[in-house]
Amino acid sequence: SLRAIRVYLKSWGMFRAAFTDAWKALLLPFAGRLTFHPRGGAAPVEVPGACWTMLPTVCRLLEQGAHPAWEDGAIRVDFQGLRFYAPPLDKSIGQTLKEIFIDDVYALGQRDFSGEVALDVGAFIGDSAIALAKRGAFVHAFEPVPMIRAFLQRNIEANGLQDRVRVHPVGLAEHDEKVVLRLNTAGLAGATAKEVKKEASYAKMQVEQELQLVEAFGYLRSAGIASAGVVKL
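This structure is a prediction, so every number in the text was calculated from the model and none was measured.

Colleague: What should I look at first to understand the state of the cysteines in this one?
Modeller: Among covalent bonds in proteins, the disulfide is the one between the sulfur atoms of two cysteines. Inspection of the entire model under this criterion finds 0 disulfides. Of the cysteine sulfurs around Cys51, a residue in no disulfide, the closest is that of Cys59, at 14 Å. Overall, the relative accessible area of 4% leaves Cys59 in the buried class.

In structure tokens form, the structure reads like this:
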């Protein structure tokens, strides 16, 4: 779309600051795949031409000390000894990792959660659940969106935390209900159950997902979760 092109061109200064071969950014939308060489000696990054709109996100990830790559239909981000997978066009991954692991918005950095039970309600791709588990907690991760939950499970396994994180395929609510949600695959941190824009370019980035919501306290009792020391909503 014209908006995507404008945003891309406005990022030219970011490309020049990030790469020794920033000129390749002009070719990327027309290429199958191009390799960019970060300044400072970081490992090269191969970006698929189909994911050209992700190049500004690549710059932000590199600035944060993360290294992105694309494999098996996903973007893979190696960051602080951890590995995260997300849909190939998900621009939100850089921001969510920054909030949790750099900005420490949940104030996890100085705490030891050994022996604690944590509820991660809206676990997304597992960023906060993994942060809690790495600090000793046993985490019950609630994620009702099937597409996101697949990445949550993949990330738990990629980081060897299957014994510290239990995934629950439901959302906690006041009563049992099924909800259809429209998910923007270019930014999974934003989703809505309301009517959204009808433009064809916007619609192409969306998928419909059916969520199972459950009555919270009844579900927690049935799952054997009697108490929790930490709750992240």
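Colleague: What should I look at first to understand the sheet that holds strand 3 (residues 67-71) in this one?
Modeller: Strand pairing in a sheet takes place through backbone hydrogen bonds and is either antiparallel or parallel in direction. Strand order in the open sheet made by the 3 strands is 3-4-5, with antiparallel pairing throughout. Looking at the sheet topology across the chains shown, the edges are occupied by strand 3 and strand 5 (82-86). The sheet shows a mean angle of 25° between the axes of neighbouring strands, taken without regard to direction. Here 5 bridges tie strand 4 (residues 74-79) to strand 5, and the two strands are oriented antiparallel to one another. Residue pairing across strands places Ile75 opposite Ala86, the latter belonging to strand 5. Across the sheet, helix 3 (residues 55-63) touches strand 3 and strand 4, and the angle it forms with strand 3 is around 135°. Against the sheet, helix 6 (residues 146-158) touches strand 3, strand 4 and strand 5, its axis set at about 160° to strand 5.

Colleague: I tried to follow the pairing of strand 3 on my own but got confused; where do I start?
Modeller: Within a regular strand, the side chains alternate between the two sheet faces. The pairing of strand 3 with strand 4 spans 5 bridges and is antiparallel. Across the sheet, the residue bridging to Glu71 is Ala74, located in strand 4. Joining the antiparallel neighbours strand 3 and strand 4 is a turn of 2 residues, in which Asp72 adopts a positive phi near 50°.

Colleague: What's the story with the pattern of salt bridges in this structure? I'm lost.
Modeller: Working definition: two side chains of opposite charge can pair if their charged atoms are close together. On inspection of all chains with the given rule, the structure shows 10 salt bridges. When the shortest N-O distance is used, the salt bridge between Glu46 and Arg33 registers 3.7 Å. Here Arg33 lies in strand 1 (residues 33-36) and Glu46 lies in strand 2 (residues 45-48), a separation of 13 residues in the sequence. Since its relative accessible area comes to 41%, Arg33 is described here as partly exposed. Between Arg76 and Asp78 there is a salt bridge, and its shortest N-O distance comes to 3.2 Å.

Colleague: Sorry if this is basic, but what is going on with the side chain of Ser11 here?
Modeller: By secondary structure assignment, the location of Ser11 is in the loop between helix 1 (2-10) and helix 2 (12-18). Given a relative accessible area of 7%, Ser11 falls into the buried group. A polar contact of 2.9 Å, which involves the side chain of Ser11, links it to the backbone oxygen of Val7.

Colleague: It is not clear to me how the packing of aromatic side chains should be interpreted in this structure. Could you clarify?
Modeller: Ring pairs (aromatic) are described by centroid distance and by the angle formed between their planes. Going through the model one piece at a time under the given rule, you end up with 7 aromatic pairs. Centroid distance Trp12 to Phe15: 6.4 Å. Interplanar angle 85°. Geometry classified as edge-to-face. Of this pair, Trp12 and Phe15 both sit in helix 2, 3 residues apart, roughly one helical turn. Residue class for Trp12 comes out partly exposed when judged on its relative accessible area of 31%. Residue Phe15 is classed as buried on the basis of its relative accessible area, which comes to 1%.

Colleague: Would you take a moment to explain the sheet that holds strand 8 (residues 165-168) for this structure?
Modeller: A sheet is described by the order of its strands in space; here 4 strands give the open sequence 8-7-6-13, paired in parallel fashion. If you trace the sheet from one side to the other, it starts and ends with strand 8 and strand 13 (230-232), each paired once. The average undirected angle you get between the axes of adjacent strands in this sheet is 15°. The sheet contact formed by strand 6 (residues 117-121) and strand 7 (residues 138-142) spans 5 bridges and is parallel.

Scoring rules and cut-offs
- Residues numbered from 1 in each chain as written.
- Predicted model: local features only at pLDDT ≥ 70, side-chain atom pairs only at ≥ 80, totals over all residues.
- Heavy atoms only, no water.
- Disulfide = S-S within 2.5 Å.
- Buried < 20%, exposed > 50% of the residue type's maximum accessible area, 1.4 Å probe, protein only.
- Pairing = 2+ DSSP bridges.
- Helix = DSSP H or I, 4+ residues; strand = E, 2+ residues; numbered from the N terminus.
- Axes fitted to C-alpha atoms, helices over the stretch in contact; angles between N-to-C directions.
- Contact = heavy atoms within 4.5 Å.
- Salt bridge = Lys/Arg side-chain N within 4 Å of Asp/Glu carboxyl O.
- Polar contact = N/O pair within 3.5 Å; in protein donor to acceptor, adjacent residues only side chain to side chain.
- Phe/Tyr/Trp six-rings, centres within 6.5 Å; stacked < 30°, edge-to-face > 60°.

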